[in-house]
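Per-entry structural report
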Amino acid sequence: MSDTILKMQGISKFYGGIKALEKVDFELYRGEILCLLGENGAGKSTLMKILSGVIEPSEGEIFLEDKKINIKNPNIAHHLGISTVHQELVQFADMTIMENIYMGRYPKKGGLVDFKTLKEKTLELMDSLDIHFNPFSYIRDLSVAQRQMVEIMKAVSFDSKIIIFDEPTSSLTTEETTVLFRIIADLKSRGISMVYISHRLEELFEICDRITVLRDGAFVDCANIADVDKDWLIGKMIGRDLKDTFP
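Note that this is a predicted model, so its numbers are computed, not measured.

1. Examining the packing of aromatic side chains
Any two aromatic rings considered together are summarised by their centre-to-centre distance and by the angle between their planes. Applying the stated criterion across every chain yields a total of one aromatic pair. Its guanidinium or amino end placed over the ring of Phe158, Arg105 lies 3.8 Å from that ring's centre, counting from NZ or CZ. Geometry around Tyr138 places Arg140 over its ring, the cationic atom sitting 4.4 Å from the centre.

2. Topic: the packing of helix α5 (residues 144-157) against helix α6 (residues 174-189)
Two elements in contact, α5 and α6, have axes separated by 11 Å at closest approach and are oriented at 10°. Judged on the interaxial angle alone, α6 and α5 are roughly parallel. Packed against α5, whose contacting residues are Ala145, Gln148, Met149, Ile152 and Val156, the element α6 presents Glu176, Val179, Leu180, Ile183 and Leu187 at the interface. Of the residues that constitute the contact of α5 with α6, the class distribution is eight nonpolar, one polar and one charged.

3. Structural notes on the nonpolar core
Grouped together as the largest cluster of nonpolar side chains are 45 residues, with contacts concentrated most on Met153, Phe165, Leu187 and Leu204. Broken down by element, this core gets its largest block of residues, seven residues, from α5. In contact with Met153, not counting residues within four places along its chain, are Ile97, Ile101, Leu125, Met126, Leu129, Ile131 and Phe133. Formed by 27 residues, the second largest nonpolar core is a distinct cluster that contains Phe26, Leu34, Val195 and Ile197.

4. Considerations on the sheet that holds strand β9 (residues 162-166)
One open sheet accounts for six strands, arranged β6-β9-β10-β3-β11-β12; its pairing is mixed. Each end of this open sheet is capped by a strand with a single partner; those strands are β6 (82-85) and β12 (218-224). Going from strand to strand, the sheet's axes swing by 20° on average, the running direction of each strand aside. Pairing of strand β11 (residues 210-215) with β12 involves six bridges; the strand directions are antiparallel. Paired with Arg215 across the bridge in β12 is Ala218.

5. Structural notes on the environment of His78
As for its position among the elements, His78 is in helix α2 (residues 74-80). For His78, a relative accessible area of 24% gives the class partly exposed. Each C-alpha atom, one on His78 and one on Gly53, is 9.0 Å from the other, the two residues being 25 residues apart in sequence. With residues near it in sequence (within four places) discarded, His78 still touches Ser83 and Phe158.

6. Considering the sheet that holds strand β2 (residues 18-29)
Two modes of strand pairing occur in sheets, parallel and antiparallel, and in both the strands are linked by backbone hydrogen bonds. The strand order across the open sheet built from four strands is β2-β1-β4-β5, with neighbouring strands paired in antiparallel fashion. Bordering the open sheet on either side are β2 and β5 (67-69), each of which pairs with just one other strand. If you compare each strand with its neighbour and ignore which way they point, the axes differ by 25° on average. Helix α1 (residues 44-51) rests against β1 (4-15), β2 and β4 (59-64) of the sheet, and its axis sits at about 115° to β1.

7. Description of the pairing of strand β3 (residues 33-37)
Counting buried residues in β3 gives five out of five residues, a clear majority hidden from the surface. Every second residue of β3 is oriented toward a common face, with Ile33, Cys35 and Leu37 on one face and Leu34 and Leu36 on the other, all of them buried. Both β3 and strand β10 (residues 193-197) contribute to a ladder of three bridges, which runs parallel. Note on β10: the bridge partner recorded for Cys35 is Tyr196. Alignment of β3 against β11, held across four bridges, turns out to be parallel. Looking at β11, one finds that Cys35 is bridged to Ile211.

Conventions and cut-offs
- Residues numbered from 1 in each chain as written.
- Predicted model: local features only at pLDDT ≥ 70, side-chain atom pairs only at ≥ 80, totals over all residues.
- Heavy atoms only, no water.
- Phe/Tyr/Trp six-rings, centres within 6.5 Å; stacked < 30°, edge-to-face > 60°.
- Lys NZ or Arg CZ within 6 Å of the ring centre and 35° of its normal.
- Axes fitted to C-alpha atoms, helices over the stretch in contact; angles between N-to-C directions.
- Helix = DSSP H or I, 4+ residues; strand = E, 2+ residues; numbered from the N terminus.
- Parallel < 35°, antiparallel > 145°, perpendicular 65-115°, else oblique.
- Contact = heavy atoms within 4.5 Å.
- Nonpolar A, V, L, I, M, F, W, Y, C, P; charged D, E, K, R; others polar.
- Core = buried A, V, L, I, M, F, W, Y, C linked by side-chain atoms within 4.5 Å.
- Buried < 20%, exposed > 50% of the residue type's maximum accessible area, 1.4 Å probe, protein only.
- Pairing = 2+ DSSP bridges.

Here it is in structure tokens:
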């Protein structure tokens with residue numbers, strides 16, 4: 001029997017009379033990579049914003065390791081071990097890598113930032129992930145792929161149990177994607193659970209263990225990735241067999 005780390009039950013979100021989510025059930029196992037799939041507007045981002053504390057659900061309950069939790073803001077999510085690597089990277093370009101990773105959590109000495117300890121913590125984190133940058137490098141001088149690696153390091157620095165990847169390869173080259181997948185595989189080997197959102201279906205078969213499909217704000221289906229094919233995925237997303245669509 002799989003070890004469930006997260007359950008979201010009956011999650012609904014309404015904006016006035018507009019339904020973004022309606023009674024969605026979502027389950028994540030420990031140490032798995034679960035793809036969350038759906039067309040634009042299916043409710044993927046809304047569900048993950050609820051999980052990461054950006055918005056609160058209108059209805060429903062969330063259980064982390066069998067304990068009911070209330071994620072009112074992103075700080076609570078981080079404290080619970082839930083982090084997000086966003087598609088649109090939110091970083092401070094004129095600050096260093098180590099300052100970005102530990103923003104708001106700087107080690108102090110005599111009331112001032114202890115940069116020596118900050119550097120040591122960052123280097124230890126880099127070694128653990130086999131990612132090697134100069135901790136004093138500025139974010140503005142990094143490529144998109146390198147900036148994304150900084151976000152992954154930041155997520156891991158919270159001792160995350162769950163990391164959400166939102167379209168992580170949208171701006172990456174093939175070589176950069178290979179590096180990202182290596183890091184994700186390493187995180188999986190540590191027992192970290194990941195939710196992976198992508199429109200690149202071929203990636204899902206390479207990296208994911210299971211897939212959950214949403215459509216029009218509702219849960220559609222969940223399956224092991226090894227048991228489905230691309231036509232199944234598209235059919236579940238659009239709500240009809242692929243043979244019923246035009247070329």
